[in-house]
Amino acid sequence: MKYSPLGRTGLNVSRVCLGTMTWGQQNSEDDAHSQMDYAVAQGVNFFDTAELYAVPTSAPTQGRTEEYIGSWFQKSGRRNDIILATKVAGPGIPWIRNGEKLTGASVRAAVDGSLARLKTDYIDLYQLHWPNRPFPHFGQNHAGKIDFTAVNTAEIEDNLRDILTAMGDIVAAGKVRYMGLSDDTAWGIMKYVGLSKDMNLPRVQSIQNEFSLLNRSDDPYVAEVCVREDVSYLPWSPLATGLLSGKYQNGVIPAGSRWDVENQLRSGFDSFRNTPMAHQAVTDYLAVAQKHHLNLTQRALKFIDQQSFATSTIIGATSMDQLKSNIAAFDLTLSEDVLRDVNRVYHRYSIPH
């Protein structure tokens, strides 16, 4: 396992970050504990979770993933071996603070809930799960989707100051060590960095955004900000919710898969990815993998790891076999020939969904 610096924290995190969102919905507590045991044995020291999880989200399962991690900490005694990241939910989920906007007050309330479920005294990296303002993620990354003039900039900045002040308080109290973002933009990163400097409050150390062969929209704009400002880039959904495994080809939705569970619970929250162009792109990426005698899933994961601006890639698995294969992908090296063929496909399908 290789390691990289996390922002300016002085911490080094494994190039693999263990994502946990299926625990409590598609995976049992025993499954979760087995995954953590295996990942740590392979050198993984970085876990990512959220108060929102399990996913697909529901009121009965909200917070269950953090509880499973907490019970593993109690059983294993390995809390201090793990760099633990969790997230405070943004607006729109009715059973989390009535779906209200993210504020300083909600940050203060949420962190105590997470600490209790995680059975720990501190969180290493506390991330804002998504902004209050409209943001170009979850199918909103096409031009013309968002009218940025519709929201007052001064009001946004006042809200960011309120959140940063609360983060300063919880860091001072020892509940959180460092702050991160999720599902945000180049402007969001720079605004938080500037405000934290002006107000002498915690600095943003990382951002986790969706990034995969089917969604490379953060490169180059967010990527440059991360490199220039020492903000670690943590790609999530590197397999595009499983599309890049090939299992959804030809209209197949395997029983128990994420799309199957999602359709049962919330009418296909991720259905915006299910486009003819996305499936054709996967077919073409599969042809590249076969040409070079590579596993499609492993090739997709290693491609993300080889991006110069990526710090740690957030993986997830619903079975131990998947987890083993996903972690093993990071031992690969993709040749220049492979990368050239990948980029030929990318230029045909740069925004496939």
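One structure accompanies this document, and this report is about it. Since this is a predicted model, take the numbers as computed values, not measurements.

### Topic: the pairing of strand β8 (residues 204-210)
Part 1 of the reasoning: Summarising burial for β8: seven of the seven residues are buried, a large majority.
Part 2 of the reasoning: Sheet analysis places strand β7 (residues 176-182) next to β8, joined by three bridges and oriented parallel. Across the sheet, Leu-181 pairs through a bridge with Ile-207, a residue of β8.
Part 3 of the reasoning: What joins β7 to β8 is helix α5 (residues 186-199), and the crossover it makes is right-handed.
Part 4 of the reasoning: Here five bridges tie β8 to strand β9 (residues 232-236), and the two strands are oriented parallel to one another. The partner of Ser-206 across the bridge, within β9, is Ser-232.
Part 5 of the reasoning: Once the chain exits β8 it traverses helix α6 (residues 221-229) before rejoining the sheet at β9, and the crossover so formed is right-handed.

### Regarding the packing of aromatic side chains
Part 1 of the reasoning: Under the defined criterion, the tally for this structure stands at seven aromatic pairs.
Part 2 of the reasoning: Judged by centre distance (5.7 Å) and plane angle (55°), the ring pair of Phe-47 and Trp-72 falls under tilted. Residue Phe-47 is found in strand β4 (residues 46-48), and its partner Trp-72 is found in helix α2 (residues 64-76); the two are separated by 25 residues along the sequence. Taken individually, Phe-47 and Trp-72 each receive the classification buried, so the pair is uniform in this respect.
Part 3 of the reasoning: For the ring pair Phe-135 and Phe-138, a centre distance of 6.3 Å and an interplane angle of 80° mean the geometry is edge-to-face.
Part 4 of the reasoning: You can call Phe-138 partly exposed: its relative accessible area is 25%.
Part 5 of the reasoning: Clustering of aromatic rings is evident, with ring pairs tying together Phe-47, Trp-72 and Phe-73.
Part 6 of the reasoning: The ring of Tyr-122 carries Arg-79 above its face, with NZ or CZ at 4.0 Å from the centroid.
Part 7 of the reasoning: The side chain of Arg-216 reaches across the aromatic face of Tyr-346, ending 4.1 Å from its centre.

### Side note on the nonpolar core
Part 1 of the reasoning: The biggest cluster of nonpolar side chains holds 80 residues, and the ones touching the most others in it are Val-107, Tyr-126 and Tyr-285.
Part 2 of the reasoning: Element by element, the count of residues in this core is highest for helix α4 (residues 153-172), at seven residues.
Part 3 of the reasoning: Core analysis: the next-biggest nonpolar cluster, separate from the first, contains 12 residues, Leu-11, Phe-46, Ile-83 and Leu-234 among them.

### Thoughts on the sheet that holds β9
Part 1 of the reasoning: Pairing is parallel across the open sheet formed by eight strands, whose spatial order is β9-β8-β7-β6-β5-β4-β3-β10. This sheet does not close on itself; its edge strands, each paired only once, are β9 and β10 (313-315). On average, each strand axis in the sheet is inclined to that of its neighbour by 30°, with strand direction left out of account.

### Comments concerning the side chain of Thr-9
Part 1 of the reasoning: Tracing the backbone through its elements, the reader meets Thr-9 in the loop between β1 (3-5) and β2 (12-14).
Part 2 of the reasoning: Judged by relative accessible area, Thr-9 falls into the buried class, the value being 10%.
Part 3 of the reasoning: At 2.9 Å, the side chain of Thr-9 and the backbone nitrogen of Leu-11 are in polar contact.
Part 4 of the reasoning: Among residues more than four places away in sequence, those in contact with Thr-9 are Tyr-178 and Gln-205.

### Side note on the packing of α5 against α6
In a packed pair of helices, the relevant descriptors are the angle between the two axes and the axis-to-axis distance.
Part 1 of the reasoning: Between α5 and α6, whose axes approach to 9 Å, the crossing angle comes to 25°. On the basis of the axis angle, α5 is roughly parallel to α6. Mapping the contact onto sequence places Ala-186, Ile-189, Met-190 and Val-193 in α5 and Tyr-221, Val-222, Val-225, Cys-226 and Glu-229 in α6.
Part 2 of the reasoning: In terms of residue class, the contact of α5 with α6 is made up of eight nonpolar, no polar and one charged.

The rules behind the values
Residues numbered from 1 in each chain as written. Predicted model: local features only at pLDDT ≥ 70, side-chain atom pairs only at ≥ 80, totals over all residues. Heavy atoms only, no water. Buried < 20%, exposed > 50% of the residue type's maximum accessible area, 1.4 Å probe, protein only. Helix = DSSP H or I, 4+ residues; strand = E, 2+ residues; numbered from the N terminus. Pairing = 2+ DSSP bridges. Right-handed = clockwise from strand over helix to strand, strands pointing away. Phe/Tyr/Trp six-rings, centres within 6.5 Å; stacked < 30°, edge-to-face > 60°. Lys NZ or Arg CZ within 6 Å of the ring centre and 35° of its normal. Core = buried A, V, L, I, M, F, W, Y, C linked by side-chain atoms within 4.5 Å. Axes fitted to C-alpha atoms, helices over the stretch in contact; angles between N-to-C directions. Polar contact = N/O pair within 3.5 Å; in protein donor to acceptor, adjacent residues only side chain to side chain. Contact = heavy atoms within 4.5 Å. Parallel < 35°, antiparallel > 145°, perpendicular 65-115°, else oblique. Nonpolar A, V, L, I, M, F, W, Y, C, P; charged D, E, K, R; others polar.

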